[in-house]
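One-letter residues, chain by chain:
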Amino acid sequence: MTQDFVPSGRVVVTGLGAVAPLGTGADVFWPRMLAGENAVGPVTHFDVTDYSTRIAAEVKDFNAADWLEAKDARRMDKVLAFTIAASTMALKDANFPLDDEDLKLETGVLIGSGIGGLNIMSEQTQKLFLQGPSRVSPFLVPYMIPDMSSGYASIHFGLKGPNTCVVTACATGVNAIGDAYHIIKRGDARAMLAGGSEAPITPIGMAGFCAMKAMSTRNDDPAHASRPFDKDRDGFVIGEGSGVLVLEDYEEAKRRGANILAEIVGYGMSGDAYHITATDPNGQGAQRAMKMAIKKAGLQPSDIGYINAHGTSTPYNDSGETRAIKGVFGDHAYKVPISSTKSSIGHLLGGAGAIETVICILALRDQKVPPTINLENPDPECDLDYVPNESRDHSFTYALTNSFGFGGHNATLILKRPVD
């Protein structure tokens, strides 16, 4: 670290990139989300005839060759291609000077994945059984391991600062951004590329979640399958994609004239210590994560103007998160707008928290709250303002986003609209 860098203690977002089921690029998916569009449909990646769930939120407009050299595009796992695309967009959005070698020495990468290269693992396992071990690709291990989103992004862009990874299931994206925020705050990097990526819509991935009976089986009505907080919800809808942010020290960003999109002001995390997949039904762990983030931000619960809920559309998650929000916010829980954008784009697992952080930043920028679509028959246990079916103009300064993962991981991030 060069001696002239003294961390300001403030961390801002200067660029964002997104690959989402509603479209590649924030300028594509965000207007569609505000319009209440839905990305869920029949699975097209492979034959799902024998699966109990035959629907998903697939990315339809993505071509890896648009973002990678042809050779890499052909052989690289989709999760890495999503990562590079979202990272390229974020760096461009930040007008980040990739020709500044000194800055690149002090810029790190922290992009997580809950599962990693599931596509290449599925393909190569099949090749092993059909053709024998000599035909397995030498790229299997490096393209399969979850840390390679960070590793390959570091190599691709020449970023030589802290290079690490978070794997906390569906909390991965928020944990990655929160941990990168801490790295900058303590002065270990001037900037970080941070987020999450996932490409789980594969034969083995779908089969595993079907076996758990965790996904919606509303195969004949995919547009209404993801319905968080609705009494008729029957499970989550799996999605794919990536969200990546450029984080920078506040003073460093100002010095280079960067456009500040938002400031990260609070980060909290906790463990349920309850069950390998189920969340604590009383939401105690979720409460602790939210309370920690609010305390670290120096705020009161009443300061939060929007909550992007984890809101998976599973019976237990949605009611448990509702109880957790009530436990933290008291009467304000009934006043703050809350939405689950998984209703539109499904659940991106390790990429969910990252794409939802992108959504919070766009909501702060435009002062618009995205809807929870398909909320037609509210669950009596879920009686808060979930912004049903239509987006809403809303004046607010602070947004909070929740992510909870298998293993009892809870993570909360608070973002502030830039006002100075």
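Residues numbered from 1 in each chain as written. Predicted model: local features only at pLDDT ≥ 70, side-chain atom pairs only at ≥ 80, totals over all residues. Heavy atoms only, no water.

1. Observations regarding the pattern of salt bridges
In step 1: Inspection of every chain in the model, using the stated rule, returns 20 salt bridges.
In step 2: For Glu 37, the salt bridge identified is with Arg 32, shortest N-O distance 2.7 Å.
In step 3: The salt bridge partner of Glu 381 is Arg 323, with a shortest N-O separation of 2.9 Å. Of this pair, Glu 381 sits in the loop between β12 (368-369) and β13 (392-393) while Arg 323 is found in helix α12 (residues 315-329), placing the two residues 58 residues apart along the sequence.
In step 4: The partly exposed category is assigned to Arg 323, whose relative accessible area is 30%. (Salt bridge = Lys/Arg side-chain N within 4 Å of Asp/Glu carboxyl O. Helix = DSSP H or I, 4+ residues; strand = E, 2+ residues; numbered from the N terminus. Buried < 20%, exposed > 50% of the residue type's maximum accessible area, 1.4 Å probe, protein only.)

2. Examining unusual backbone geometry
In step 1: Positive phi is not limited to glycine here, since Ala 169 has a value of about 55 degrees.
In step 2: Mapped onto the secondary structure, Ala 169 falls in the loop between β6 (163-164) and α8 (172-185).
In step 3: Even without being glycine, Asn 374 reaches a positive phi, approximately 65 degrees.
In step 4: In this structure Asn 374 comes out as buried when scored by relative accessible area, which is 6%.

3. So, helix α7 (residues 148-157)
In step 1: With eight of 10 residues buried, α7 lies mostly within the body of the structure.
In step 2: Looking only at α7, the buried set comprises Met 148, Ser 149, Ser 150, Gly 151, Tyr 152, Ala 153, Ser 154 and Phe 157.
In step 3: Two residues or fewer past α7, Gly 158 is found with a positive phi of approximately 70 degrees.

4. Side note on the pairing of strand β7 (residues 191-198)
In summary, the side chains of a regular strand alternate between the two faces of the sheet.
In step 1: With eight of eight residues buried, β7 lies mostly within the body of the structure.
In step 2: Burial of β7 is two-sided: the residues Ala 191, Leu 193, Gly 195 and Ser 197 facing one way and the residues Met 192, Ala 194, Gly 196 and Glu 198 facing the other way are all buried.
In step 3: In terms of strand pairing, strand β5 (residues 107-112) meets β7 through six bridges, oriented parallel. Its bridge partner lying in β7, Gly 108 is registered against Met 192.
In step 4: Bridging between β7 and strand β8 (residues 241-249) involves eight bridges; their strand directions are antiparallel. From the neighbouring strand, Ala 191 faces β8, where its bridge partner is Glu 248. (Pairing = 2+ DSSP bridges.)

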